[in-house]
Structure formats: C-alpha cells, structure tokens
Amino acid sequence: MGCWMEIVDADKAMMLLLQSTRVVEDLGKCLNFPAKLFEASITFREWLPEVPLHPHMEFRGFAHKKQLNALTQYMSFVHFPELVPIRKEIETRIREFHDSIRDRIPHSSYVIDFYVTPERVMLIELNPFHIGAGAGLFSWHDDRERFMNGPFEFRILEPCDPQKTEENPLEVMPTRWRKFIIAQRPASLYDYCNVQ
C-alpha cells in the first residue's frame, strides 16, 4: 500500500512540488529577500513506511545557538497514552542524538523534527527558527524566551482529568484554541465554563 507522500518517479515528484501550497508560500517568501539572505533546497530521503503509521513518535525541537531548549510532540492535538511511560526515555534519546549532530547543522538556530524508533532517532527536517514554524504544545508568543535561553522543557499532551473536563469542557482544548474561543464568545463561555 502506498502513501501520498511516497514518490517513486521524477514526474510525480515534480507534480507534487508544483501543486504544493507550502512550496509556493515558502518560495514566495524567499523571493522577497536578496538571494544572499536565504538558502532554499529540496532534500529527498528514503521512504520509511512506518513513519506515517506511528505519528506519536514524531517530535519537534527548538534550538538556539545550537542548544536544544524545547521539545514537543509533533501532533499536538492528540493525547497518546503510550508516550506517558516512555517520556523520559524519548527525551534522553532525542537530546543525546541532537548533541551528536548539532555541530554538523549549518545554522545556529533552527526548528528540528525528529522521529524515534526502537532502534534509533532520525532527523526528519530542519526549519527556520521563526514564528512560521509551528510551535506544537508551545507558543512563539508565550515561550520565545524558553526557545532562546531555556531551561529545557519537553511537553506531551497529558491526559485530561475527567472531573475538570466535566466542570470545564474547554479544559480538553489546547490553550491557544481555548483563548480564541473565549475571545469570540466571552460572556456565555465564561458563565458556562467558569473560566477565570
């Protein structure tokens, strides 16, 4: 069984790139700057069919001055119970892996995605260190100081407390969604959910 990101010939690869909204947006941003201020490239890697089958094992890190200061699960809207007991092991393995490769990364600040298997940790991709890269369970606004200077923190989506959820249904939502919803309908939601 194939996957839509699994490409086996050059024509399909070009079609995917030409139809990608992300590619158009990223190249459009690059063209606003002189060529010496940006470097764009396309990297191909071997297709690993297990990656899309185990989305809970992809993580995003935030490094400044080559120091990994924050780590989050990549799929930030899903609680994966299987992450809870192996959280510390994942943190240790990713931090050790990052320490082993950081001097080969040609940038001092970056957003870096990892994939963890039982055998190894892999680099998925590097992104520019800016607000255009998703922050997962962090926030560029609230956590920028942590991204820049630490201390290191690893966030996974914790299970919801059923009692809190019953008292406040918004409790299960990520903070940024909760703030947005409250801002849109403050009176009814404040009353209904007892939001402070």
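See above for the structure.
Predicted model, so just to flag it, every value in this text is computed and none were measured. (Residues numbered from 1 in each chain as written. Predicted model: local features only at pLDDT ≥ 70, side-chain atom pairs only at ≥ 80, totals over all residues. Heavy atoms only, no water.)

1. Structural notes on helix H5 (residues 140–149)
For step 1, the next point in the chain: Turning to H5, its buried residues number three or more, namely Trp 140, Asp 143 and Phe 147. What you see down the axis of H5 is that its buried residues fit within an arc of 95°, all on one side. Summarising the geometry of H5, the exposed residues directed more than 90 degrees from the buried face are Glu 145 and Asn 149.
For step 2, the next point in the chain: Where the residues of H5 are buried, they touch strand S1 (58–64), strand S2 (67–73), strand S3 (110–116) and strand S5 (153–155).
For step 3, the next point in the chain: A distance of 3.1 Å separates the backbone nitrogen of His 141 from a side-chain oxygen at the start of H5, and that oxygen is part of Ser 139. (Buried < 20%, exposed > 50% of the residue type's maximum accessible area, 1.4 Å probe, protein only. Helix = DSSP H or I, 4+ residues; strand = E, 2+ residues; numbered from the N terminus. Arc of directions from axis to C-beta. Contact = heavy atoms within 4.5 Å. Polar contact = N/O pair within 3.5 Å; in protein donor to acceptor, adjacent residues only side chain to side chain.)

2. Brief notes about unusual backbone geometry
For step 1, the next point in the chain: For the peptide bond that leads from Gly 150 to Pro 151, omega is 0°, which places it in the cis range.
For step 2, the next point in the chain: Position of Pro 151 among the secondary structure elements: in the loop between H5 and S5.
For step 3, the next point in the chain: In this structure, Lys 66 takes a positive phi of about 65° despite not being glycine.
For step 4, the next point in the chain: Within the secondary structure, Lys 66 sits in the loop between S1 and S2.

3. Notes on the nonpolar core
For step 1, the next point in the chain: Of all hydrophobic cores here, the largest spans 25 residues; its most connected members are Phe 59, Ile 90 and Ile 94.
For step 2, the next point in the chain: Elements with a minimum of two residues in this core: S1, S2, helix H4 (87–101), S3 and strand S4 (121–127).
For step 3, the next point in the chain: Ranked by residues supplied to this core, first place goes to S3 with five residues.
For step 4, the next point in the chain: Residues contacting Phe 59, with those up to four places away along its chain left out, are Leu 71, Thr 72, Gln 73, Tyr 74, Leu 83, Ile 90, Ile 94, Ile 112, Asp 113, Phe 114, Val 116 and Phe 154.
For step 5, the next point in the chain: The next biggest cluster of nonpolar side chains, apart from the first, holds nine residues, and it includes Phe 62, Ala 133, Ala 135 and Phe 138. (Core = buried A, V, L, I, M, F, W, Y, C linked by side-chain atoms within 4.5 Å.)

4. Some thoughts on a nonpolar patch on the surface
For step 1, the next point in the chain: Side chains of Tyr 74, Met 75, Phe 77, Val 78 and Trp 177 sit close together on the surface and give an oily, nonpolar patch of about 440 Å² of accessible area.
For step 2, the next point in the chain: Secondary-structure assignment places Met 75 in the loop between S2 and H4.
For step 3, the next point in the chain: You can call Met 75 partly exposed: its relative accessible area is 33%. (Patch = residues over 30% accessible without salt bridge, like charges linked within 9 Å, V, L, I, M, F, W, Y side chains within 5 Å. Areas by Shrake-Rupley, 256 points an atom, 1.4 Å probe, with all protein chains shown as cover. Salt bridge = Lys/Arg side-chain N within 4 Å of Asp/Glu carboxyl O.)

5. A closer look at the pattern of salt bridges
For step 1, the next point in the chain: Counted under the stated rule, the structure contains 10 salt bridges.
For step 2, the next point in the chain: With a shortest N-O distance of 3.9 Å, Arg 60 and Glu 125 are connected by a salt bridge. Pair noted here: Arg 60 is in strand S1 and Glu 125 is in strand S4, with a separation of 65 residues, a long-range link.
For step 3, the next point in the chain: A relative accessible area of 7% means that Arg 60 is categorised as buried.
For step 4, the next point in the chain: Glu 125 sits in the partly exposed class, given a relative accessible area of 24%.
For step 5, the next point in the chain: Of the charged contacts, one joins Arg 95 and Glu 91 as a salt bridge, the two residues approaching to 3.3 Å between their closest N and O atoms. Residue Arg 95 and its partner Glu 91 are located together in helix H4, separated by four residues, close to a single helical turn.
For step 6, the next point in the chain: By relative accessible area, which is 29% here, Arg 95 ends up partly exposed.

6. As for the sheet that holds S3
For step 1, the next point in the chain: Spatial strand order, S4-S3-S1-S2-S5: five strands in an open sheet with mixed pairing. Either end of the sheet is taken by a strand with one partner, and the two such strands are S4 and S5. Each strand of the sheet is rotated relative to its neighbour by a mean of 25°, with strand direction disregarded.
For step 2, the next point in the chain: With six bridges joining them, S1 and S2 adopt antiparallel strand pairing. (Pairing = 2+ DSSP bridges. Axes fitted to C-alpha atoms, helices over the stretch in contact; angles between N-to-C directions.)

Spatial relationships are all this shows, so hold off on functional conclusions.
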